[in-house]
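Below, each chain spelled out in residue letters.
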Amino acid sequence: MYDVIVVGARCAGSPLAMLLARKGYRVVVLDRASFPRDTVSTHYVQPSGLARLRRWGLLDRLAATGCPPVTEALWWFGDTSVRGFAPPHGDIGMALAPRRTVLDALLVDAAREAGAEVRERCTVRSLVRDDDGRVTGVRCQEQGGAEHTLSAPLVIGADGRDSLVARETGAARYNTRPPLTVVYYTYWRGLRPERRHRNEVFLEGDKQIGVIPTHDDAYLIQAARPHDFFGEYRSDIERHYLKAIEEAAPALASELADGAERVERFRGSAALENFYRKPYGHGWALVGDAGYHKDPLTGQGISDAWRDAELLAHAVHEVRSGHADWETAMAGYERLRNAASELIYEFTCEAASFEFDPMTRQLVRVLAENRDEADRFFGVIAGTVPAEEFFAPDNLLSMLARLPAEALAELTGTEGTR
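Analysis parameters
Residues numbered from 1 in each chain as written. Predicted model: local features only at pLDDT ≥ 70, side-chain atom pairs only at ≥ 80, totals over all residues. Heavy atoms only, no water. Helix = DSSP H or I, 4+ residues; strand = E, 2+ residues; numbered from the N terminus. Rg over C-alpha atoms; globule rule 2.2 N^0.38 Å. Buried < 20%, exposed > 50% of the residue type's maximum accessible area, 1.4 Å probe, protein only. Contact = heavy atoms within 4.5 Å. Lys, Arg positive; Asp, Glu negative; His and termini not counted. Charge placed at Lys NZ, Arg CZ, Asp CG, Glu CD. Expected span 1.5 Å × (residues − 1). Polar contact = N/O pair within 3.5 Å; in protein donor to acceptor, adjacent residues only side chain to side chain. Salt bridge = Lys/Arg side-chain N within 4 Å of Asp/Glu carboxyl O. Pairing = 2+ DSSP bridges. Right-handed = clockwise from strand over helix to strand, strands pointing away. Phe/Tyr/Trp six-rings, centres within 6.5 Å; stacked < 30°, edge-to-face > 60°. Lys NZ or Arg CZ within 6 Å of the ring centre and 35° of its normal.

Asks: Explanation requested: the overall build of the protein chain in the structure shown.
Replies: Helix and strand counts for the protein chain stand at 15 helices and 20 strands. Its C-alpha atoms give the protein chain a radius of gyration of 22 Å, near enough to 22 Å, the size a compact globule of 418 residues would have. On the principal axes, the C-alpha backbone points of the protein chain span a range of 70 × 50 × 40 Å. Looking at the 418 residues of the protein chain, the share that counts as buried comes to 56%. A separation threshold of at least 6 residues defines the contact pool for the protein chain, and within that pool the share at least 24 residues apart is 72%. Of the charged side chains in the protein chain, 50 are positive and 61 negative, and the gap between their average positions amounts to 4 Å.

As structure tokens, then:
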């Protein structure tokens, strides 16, 4: 009998297990993979995520792996560029994009060090319920062994967007959007040195290109297209990938053709649904992509998973320590998760749709000419500037007031001066 069973040991599961184990709970984490092992991910960690990593005592350990700090963001909206970087989160003024082979293994080790039991190469086959339908454990199978049952009063699904825990409990989806993009990426070496500390994004027509520095002097370069392009993209991934870069970021395409080296195979996905799930029920809960998922364009997944792991660990402790009943604590967890994510969720879905409304297009003009506002915009994405503050009507009107008279007239559909 355990206090908590966590299904999934990657970016949501291991930190959650670590936090609960540090509070004295008996936790077991189950994952079918063995670590280190890669997974499909653009692996960008925002400053807000790094602040949590420091709070957990793990940031120095990650920094020591040689991952280059990202200290500049440069987003291209067609020919208009917005340059800046998020205001610091405390004293953390950088982002990191560690390879998942490095990051996930570090998190698994931290869970073990905290006292959690981690079972690798262990596949969860189904949930176990009592006569009242409450989840009371899992049926699992370790590599080469027979199926057996593990029991706990709480089973947490940290097993990704295709979560078995979510599927078997019927966790309801809401605020859903269909998949908007298909993304393929690979890794390159030999790019210009000035890219080494920059996160660069190109948004041109129906193409999105992202360039992120990572371990071993390599760069992750992704090329996203609308979701309905998936069949054609998949028919010749390399050709369509390079064509998208050539059309959206011609200078980058020339750089790749002039001596850069592709060092890994292509990876990617079209299964990029946007949704929230009800994250709890009788004897179960969800965290990370299992409970909330969106397009990877704005690089939120890992930092969001860590935020929600902290929220859920606190809620579980409130229940187990007798300070709150289950429904109150878990409803609070869902409410806080949603409030922290809803505005960036909407912005991400808009950006991933390849269609910006007239107001957004005009705001881009303001950001391109005002570094302070650009920094605040990147701060919203990074989690260091409250989204509700940046997107407040008064703040948006204040920024739009800086537009030339003809641009403001175009936006409002009026003639003449302001």
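Asks: I'm lost on helix H12 (residues 371-382) in this one. Help?
Replies: Counting along an α-helix, one turn takes 3.6 residues, and residues three or four places apart therefore face a common direction. Taking 1.5 Å per residue as the helical rise, H12 with its 12 residues ought to reach 16 Å, and the 16 Å between its terminal C-alpha atoms agrees with that figure. Within H12, 10 of the 12 residues are buried, which leaves the element mostly enclosed by the surrounding structure. Of all the positions in H12, only Glu373, Ala374, Asp375, Arg376, Phe377, Phe378, Gly379, Val380, Ile381 and Ala382 are classed as buried. The opening residue of H12 is Asn370, an N-cap whose side-chain oxygen sits 3.2 Å from the backbone nitrogen of Asp372. Trailing H12 by a residue or two, Gly383 shows a phi angle of about 85°, which is positive.

Asks: Explain the pattern of salt bridges here, please?
Replies: In total, this model carries 36 salt bridges according to the counting rule given. Across the pair Asp236 and Arg239 runs a salt bridge, and its minimum N-O distance is 3.4 Å. A salt bridge links Asp304 to Arg307, with the nearest nitrogen and oxygen atoms 3.1 Å apart. Of this pair, Asp304 and Arg307 both sit in helix H9 (residues 301-320), 3 residues apart, which is roughly one turn of that helix. Judged by its relative accessible area of 8%, Asp304 is buried.

Asks: How do you make sense of the pairing of strand S1 (residues 4-7) when you look at a structure like this?
Replies: Within a regular strand, side chains alternate between the sheet's two faces. The alternating pattern of S1 places Val4 and Val6 and Ile5 and Val7 on opposite faces, both of which are buried. One ladder, built from 4 bridges, connects S1 with strand S2 (residues 27-30); its direction is parallel. Looking at the pairing, Val4 lines up with Val27 of S2. Regarding topology, helix H1 (residues 13-22) serves as the crossover connection from S1 to the parallel S2, and that connection is right-handed. Pairing geometry for S1 and strand S9 (residues 155-157), over 3 bridges, is parallel. Residue Val6 lies in a different strand from S9, and its bridge partner there is Ile156.

Asks: I keep staring at unusual backbone geometry and nothing clicks. Help me out?
Replies: Peptide bonds are trans in most cases, and residues, glycine excluded, mostly fall at negative phi. In this structure, the amide linkage connecting Phe35 to the following residue, Pro36, adopts the cis form with an omega of 5°. Looking at where Pro36 falls in the secondary structure, it is placed in the loop between S2 and helix H2 (47-55). At Arg121, a position not held by glycine, the phi torsion is positive, near 55°. The residue Arg121 is located in the loop between strand S5 (117-119) and strand S6 (122-129) in this model.

Asks: Looking at this structure, how should I read the packing of aromatic side chains?
Replies: Aromatic ring pairs are described here by two measures, namely the spacing of the ring centres and the angle between the planes. Overall, the coordinates contain 19 aromatic pairs when judged by the stated rule. When the ring of Phe77 is compared with that of Phe356, the centres are 5.7 Å apart and the planes differ by 70°; the resulting orientation is edge-to-face. One end of the pair, Phe77, is in strand S3 (residues 72-77); the other, Phe356, is in the loop between helix H10 (326-352) and helix H11 (358-369), and 279 residues separate them in sequence. Residue class for Phe77 comes out buried when judged on its relative accessible area of 14%. Their ring planes at 15° and their centres at 5.8 Å tell us that Tyr174 and Tyr276 sit as a pair that is stacked. On the criterion of sequence distance, the pair formed by Tyr174 in strand S10 (residues 173-177) and Tyr276 in strand S17 (residues 274-277) is long-range, its members being 102 residues apart. Residue classification places Tyr276 among the buried residues on the basis of a relative accessible area of 2%. Chaining the aromatic ring pairs together yields one cluster made of Trp75, Phe77, Phe347, Phe356, Phe377, Phe378, Phe390 and Phe391. The ring of Tyr2 carries the charged tip of Arg26 above its face, separated from the ring centre by 4.4 Å. Across from the ring centre of Phe275, 4.1 Å away, lies the NZ or CZ of Arg173, which sits over that ring.

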